[in-house]
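# Close look at the chain arrangement
What follows is the residue order along each chain.
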Amino acid sequence: KDPLEGLLGVISMDHFEIHHGKHWTAATDKTLAAASTNIVLTVPAGESGHLVFDMSASGAWYGALYETPTINAPGSGLAANNNFRASANVAGIVATEDATIGANGTLLKPVQGGGTGVGGTSSSGVAGSRAEFILTTGDYLLLLTATIGDRAQITAEWYELKWITS
């Protein structure tokens, strides 16, 4: 309750999950040594992930969220940081970066940013999905393609819930 007015306070579901130590962020920020970078999220059986993401780069770029990619070689482990920094809860969803991808999978959400501006100047942008995707068991690919040497970022934010079966 609000201490002055006695009103009931309301917060969003994702904010609620942060307060309960069930909300995580995984991010990569690098200068591209190859033409793309990626984050793969693996959702274990019995879990669901409520995902939002954003991407950006210093030049023109294209990105997307894909479902069920073909992973030829796993990427390096990527920290899933609990947004409630005092929480000891560990994410069930596993995040990796720079996996070797054989096929992207099913396109769920394309995003694009940057490009050539007036007078040949370069611009950048941030794009992503503020509408969450509810992920089920399996792999999901966040892929950003840009120019070698560009600075690129991918951020995945999610909270987790166990599937409820009746």
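Let us look at the structure shown here. (Residues numbered from 1 in each chain as written. Predicted model: local features only at pLDDT ≥ 70, side-chain atom pairs only at ≥ 80, totals over all residues. Heavy atoms only, no water.)

### A closer look at the overall build of the chain
- A tally of regular secondary structure across the chain gives one helix and 15 strands.
- Per-residue burial for the chain yields a buried fraction of 37% across its 166 residues.
- When the accessible surface of the chain is split by element, carbon and sulfur atoms take 56% of a total near 8,900 Å². (Helix = DSSP H or I, 4+ residues; strand = E, 2+ residues; numbered from the N terminus. Buried < 20%, exposed > 50% of the residue type's maximum accessible area, 1.4 Å probe, protein only. Areas by Shrake-Rupley, 256 points an atom, 1.4 Å probe, with all protein chains shown as cover.)

### A word on the sheet that holds strand β4 (residues 61-67)
- Taken in spatial order, the six strands make up an open sheet running β6-β8-β2-β14-β4-β10, and their pairing is antiparallel. Strands at the two margins of the open sheet, each flanked by one partner only, are β6 (76-77) and β10 (106-113).
- In the sheet, β6 pairs with strand β8 (residues 94-97) via two bridges, with the strands oriented antiparallel. Counterpart to Ser 76 in the pairing with β8 is Glu 97. (Pairing = 2+ DSSP bridges.)

### Concerning the pattern of salt bridges
- The tally for this structure, following the rule as stated, stands at three salt bridges.
- Close ionic contact of Asp 98 with Lys 30 constitutes a salt bridge, the shortest N to O distance being 2.4 Å. Separated by 68 residues along the polypeptide, Asp 98 in the loop between β8 and β9 (100-103) and Lys 30 in strand β1 (residues 23-31) bring together distant segments of the chain.
- A relative accessible area of 35% means that Asp 98 is categorised as partly exposed.
- Lys 30 sits in the buried class, given a relative accessible area of 19%.
- Three or more residues joined by partner-sharing salt bridges are found here, namely Lys 30, Glu 97 and Asp 98. (Salt bridge = Lys/Arg side-chain N within 4 Å of Asp/Glu carboxyl O.)

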